[in-house]
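Analysis of the macromolecular model
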Amino acid sequence: MAVELCLLLLLLCGSTVSEVQPLHKPPPGTLDFGFVPAKTYDTNAYHEPGPIGILFRLVHSFLYLVQPNSFPQDLIKKLTQQKFGNVQGDYQKAIYYEIGFIVPAALGLLFVLLLPLVGLCFCMCRCCDNCGGEMHQRQKKNADCRRGCFATFLFVASLIISIGVLCAYAANQHLTSQVRGAKNLVHSNFKDLRIFLNNTPGQIDYLVSQYNTTKNKALSDLNNVGPLLGSRVQERFAKEVRPALDAALTMAGAIRETKEALENVSVSVEVLQEGTERLHSNLTNVKIHLSNTLSDSACSAAQAASTCNIIRNSLNQLNINANFSGLPGVSTQVAKVNDVLKIDLSSLVQKGYAAFNDTPDLVLNQTRNILSDIKNLLDFIGSNITSFTKMLPVQKVLADLTIYLTQSEAYVQDYFPVVEQYDFYRWLGCLILCCMVILILVFYYLGLLCGTCGYDKHASPTTRGCISNTGGNFLMAGVGFSFLFSWVLMIIVVITFVTGGNVEKLVCEPFEDRTLFKVLDTPYLLNRHWRNYLSAIVLKNPDINLTFEKVYSDCKENKGIYTTLHLENLFNINEFLNISMYTEDVSLKIEHINVNLSNIVLLDEIGKRNLLDFSSSGIDGINFAAYLTEINKSVTKVDLLSFANDLEARADQLPKGALENALKGHANSIRMIHNQQVVPLEQAMSTLNQSIRLLQRTSSEFMVKVRNVLSAVDAAQFLISNDASLVIIQETKKYMDMIIGYFEQYVEWVKESITMEVAACKPIANVIDTAVDIFLCSYVIDSVNTFWFGLGGCSIFLIPAIICAIKLSKYYRRMDTEDVYDDVETIPMKNMENGNNGYHKEHLYGIHNPVMTR
């Protein structure tokens, strides 16, 4: 069934992946394929033991102390290859590695052998009234101190034993509760495996369906071939064409501005000529009238003579200064420019713009047939992918795997009650062992309680109370049960210690640091004819480097099983779906795109002739110096306003009378002439000045500008006419790369999805973690190790407890005889020669216990 699973995944993955490497970098755009549908797995392959974890860590530390050696990879490999013992040093290495377990196990076996024997000998010895069996207690002066020490030591030992039995009981309960809860964990793993199988076809269907995203994007770009390819071609020429057309359009505006300037010059000159003549006539009349006024007899008076003379001498200033009658006319230039403007150059340039801007539509119209073929090819590719996936035996393989999974789950469900039943027997057996220790502890604690509470320091050994005597009997009962049970406990401790400790060191710890996988990946280890066992089983090729460690690590990272198991070595994808073949067909179709741009005319011959006519319109032949000379002059030789003001001021110097009034009247006339004639003439001169200077400034550049415009237009037209084919080929290749890039993105996305998302094998790693790390190591081995650790501590501390209990029972039990003092020796420490510190021995002066005497 495992081979069928691999075959399924191979077929599914092979239907969408291509080994075509991207040829064009970087990709033209990023397609959004969405997220591969993924289910959430329920199993959390992690176990937190809770408070008992403290005991687990303590046991791990103890095992490291007992067995600090590293994992014996070489010995395990030799043992697996059945070569162990061929070299003499193998046994020494094995003993050296296991010495940490051998020594404690040997001591435990010695404990098992000696303690029952010592108990038997001790029992027989006491039956002979030896070894403390004699119901006689010697009186010693430090008896109270000894009794207190023995009681304290026994209590401490009992406490330690109590802690040990609690640890053992907790481990026993923890193991049972975890085994009972393992049913849900097993069910969760089977559920995840079922999800894994059921979800994989949906993921494959999603990968296949996302071809439509690629196809739709390609079709969208093909439908927009005008804006995309045409705009690209247009932008390549735009660097030359747009500046040339912009310059031509600017020149058309310059022609209109030139015409306006020439007309302004012509009108301004005419206005100035007429105005200056009229001004000259008016000023002449003013001078005549002033001369007549100054000829009046009033000017002969002494007070007015000097003033009149000054005014008379200034009359020559009342004359025009600029003479515009001699300026050459510009009617010839105006006529030529008007002839140029009869042709609308702007309209011709706009036609060039329109022809150039129609490039996208031109490309679209000339590629309709080819685009139809490409669209049909894309549909053909999609139908091939769909039909191929339908040919795969997905459902059959899935059905077989589902049946196998269902049978396995049913098998586990059927036998899990048996496991629980056997676990109950184990739990009951461990509980009985704990009860053995608890029974011993009950006797010890009752003995300490009764002995301590019932002890009367004033009573003699033969007159001790019933409670004290009962305490001593409890202690001896505890000793008896200790001899009966301790060797049984130690046998269990040794067996579980050797088993659990070695499993922890040889399985759990190597599994955690993945050293165990390295051993399994040793060439020719599991099969002497296969270099790589896993690749031989899965891929039928032992030479492929497929290791347990890499598979487990990839599944732990939830990678796709296609990449994890190197299934590309078993399934040649290109034989079934070779995207490069289709992309080559698409490339050939796109390369046949041939766009003819020869119909684009930026500026026809009429427009060019029009520019040349403008350049030869004679504007540069205008005598700008003559114009500027007259323009720079003032209209009159003197400022009429100043002259009028001065005239009025001198009139005020004359005596009051007709002369004064006449001169002031002439001043007002001069002001009126200035306002009505000089100011308009100055405005006309300003307009003429601007127009002449504009013409002077631009006339020198017209020839160069026209020549540059024509050169730029001709260069752009030459580029379109001669380099269009090369530009179209280059841009078509870029356009083709963009379309092909969508397929490459799809292939790369499929590869990445299959690597990381499709058939993600996290459930497989979870099954391994559940079986080894959680169930075996965390549930079973940690609990077993904690059990023997607690029970072993109990067994060891039973020895000092036995000794202290035997010693202490003498101080609690009622004796048959006791030591007495002689009358002469009532004073202690008087006669040391009698021995025993003043006490008589029983055979000399023994007094029988009246209670015990029959």
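Observations regarding the overall build of the protein
Along the backbone of the protein there are 25 helices and three strands. Taken over 854 residues, the protein has a buried fraction of 45%. Summarising the internal contacts of the protein: among those between residues at least 6 apart in sequence, 89% fall at separations of at least 24. With the model as given, the accessible surface of the protein reaches about 43,000 Å², and the carbon-plus-sulfur share is 58%.

Focus on unusual backbone geometry
A positive phi angle, near 65°, is found at Arg 514, a position not held by glycine. Relative to the helices and strands, Arg 514 is located in the loop between α14 (466–512) and α15 (515–520). Judged by relative accessible area, which is 25%, Arg 514 ranks as partly exposed. Despite not being glycine, Asn 558 has its phi angle at roughly 65°, a positive value. Here Asn 558 lies in the loop between α17 (548–556) and α18 (561–564). By relative accessible area, Asn 558 is classed as partly exposed at 27%.

So, the environment of Ala 716
Relative to the elements of secondary structure, Ala 716 occurs in helix α23 (residues 658–756). In this structure Ala 716 comes out as buried when scored by relative accessible area, which is 0%. For the pair formed by Ala 716 and Phe 237, sequence separation is 479 residues and the distance between their alpha carbons is 7.6 Å.

Some details on the pattern of salt bridges
Applying the stated criterion across every chain yields a total of eight salt bridges. Put simply, Lys 550 and Asp 554 hold a salt bridge, and the shortest N to O gap is 2.6 Å. Separated by four residues within a single helix, Lys 550 and Asp 554 lie in helix α17, roughly one turn from each other. Using a relative accessible area of 3% as the deciding quantity, one classes Asp 554 as buried. Taken together, the salt bridges that share partners define one network made up of Lys 550, Asp 554, Glu 557 and Lys 559.

Description of the state of the cysteines
Considering all chains together, one arrives at two disulfides under this definition. Here Cys 508 connects covalently by a disulfide to Cys 777, the sulfurs 2.1 Å from one another. One disulfide, between Cys 508 and Cys 777, carries an S-S torsion of -100° and so falls in the left-handed class. One end of the pair, Cys 508, is in helix α14; the other, Cys 777, is in helix α24 (residues 762–812), and 269 residues separate them in sequence. The exposure classification of Cys 508 matches that of Cys 777, with both residues buried. Disulfide partner of Cys 555: Cys 761, at an S-S distance of 2.2 Å. Taking the torsion about the sulfur-sulfur bond, which here is approximately -110°, the covalent link between Cys 555 and Cys 761 counts as left-handed.

Some points on the packing of α14 against α24
The geometry of α14 relative to α24 is characterised by a closest axis approach of 5 Å and an angle of 155° between their N-to-C directions. Between α14 and α24, the angle is such that the two are roughly antiparallel. Relative to α24, the crossing made by α14 is left-handed. For the contact of α14 with α24, the class distribution of residues is 30 nonpolar, 13 polar and four charged.

Comments concerning the environment of Tyr 97
Of note, Tyr 97 is situated in helix α4 (residues 89–127). Take Tyr 97: its relative accessible area is 6%, and that puts it in the buried class. Here the alpha-carbon distance between Tyr 97 and Ser 70, two residues 27 residues apart in the chain, equals 8.4 Å. Once you skip the residues sitting within four places of it in the chain, Tyr 97 turns out to touch Gln 67, Asn 69, Ser 70, Pro 72, Lys 505 and Leu 506.

Description of the packing of helix α5 (residues 143–209) against α24
In a packed pair of helices, the relevant descriptors are the angle between the two axes and the axis-to-axis distance. One can describe the packing of α5 onto α24 by two numbers: an axis separation of 7 Å at closest approach and a directional angle of 165°. Between α5 and α24, the interaxial angle falls into the category roughly antiparallel. Of the two possible hands of crossing, α5 and α24 adopt the one that is left-handed. Tallied by class, the residues present in the contact of α5 with α24 amount to 34 nonpolar, 11 polar and four charged.

What counts, and where the lines are drawn
Residues numbered from 1 in each chain as written. Predicted model: local features only at pLDDT ≥ 70, side-chain atom pairs only at ≥ 80, totals over all residues. Heavy atoms only, no water. Helix = DSSP H or I, 4+ residues; strand = E, 2+ residues; numbered from the N terminus. Buried < 20%, exposed > 50% of the residue type's maximum accessible area, 1.4 Å probe, protein only. Contact = heavy atoms within 4.5 Å. Areas by Shrake-Rupley, 256 points an atom, 1.4 Å probe, with all protein chains shown as cover. Salt bridge = Lys/Arg side-chain N within 4 Å of Asp/Glu carboxyl O. Disulfide = S-S within 2.5 Å. Axes fitted to C-alpha atoms, helices over the stretch in contact; angles between N-to-C directions. Parallel < 35°, antiparallel > 145°, perpendicular 65-115°, else oblique. Left-handed = near helix turned anticlockwise from the far one by under 90°. Nonpolar A, V, L, I, M, F, W, Y, C, P; charged D, E, K, R; others polar.

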